[in-house]
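# Coordinate inspection notes
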Amino acid sequence: QVQLVESGGGLVQAGGSLRLSCAASGRTFSRFVMGWFRQAPGKEREFVGRLNWSGGIYYTYYADSVKGRFTISRDNARNTVYLQMNSLKPEDTAVYYCAGDQVYSGTNPSEYDYWGQGTQVTVSS
């Protein structure tokens, strides 16, 4: 059984920064594709970004709404994936989820097999 546990959410003013963490257990995640998603009240869960491994290199891909502001990284020794969020805006307010899969996955939430419980991020004006 693979489990993902998120932390790091909270309240921050517009323009501020937060770093979310996603700790994995159950197996080694060094070659997993890891995605970040978010969901605001009354809205569909949307893709934020992903990190995948190929040929010994890690690649990242981001939604246009967060490109240049958010950064995904991982620490394989700690089985942890991070989402660094800078220049936060009120529209970034949502519950943020990390997700993982053994097979390459894209931007659709249904493509990911493993999910964290979510962590609330609130950005005030």
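Structure first, text after, so check above.
Residues numbered from 1 in each chain as written. Predicted model: local features only at pLDDT ≥ 70, side-chain atom pairs only at ≥ 80, totals over all residues. Heavy atoms only, no water.

Moving on, we get to the overall build of the protein. On a plain count of helices and strands, the protein comes out with zero helices and eleven strands. Going residue by residue from the N terminus, the α and β elements of the protein occur as β-β-β-β-β-β-β-β-β-β-β. What you see for the protein is a C-alpha radius of gyration of 14 Å, in line with the 14 Å of a compact globule of 125 residues. Taken along its principal axes, the extent of the C-alpha atoms in the protein is 40 × 25 × 25 Å. (Helix = DSSP H or I, 4+ residues; strand = E, 2+ residues; numbered from the N terminus. Rg over C-alpha atoms; globule rule 2.2 N^0.38 Å.)

Overall, antiparallel pairing links the four strands, which are arranged E1-E3-E8-E7 in an open sheet. On the outer flanks of this sheet lie strand E1 (3–7) and strand E7 (70–75), each paired with one strand and no other. Pairwise comparison of adjacent strand axes, ignoring direction, gives a mean angle of 20° for this sheet. Bridge analysis of E1 against strand E3 (residues 18–25) gives five bridges, and the strand direction is antiparallel. The residue bridging Ser-7 from the neighbouring strand is Ser-21, located in E3. (Pairing = 2+ DSSP bridges. Axes fitted to C-alpha atoms, helices over the stretch in contact; angles between N-to-C directions.)

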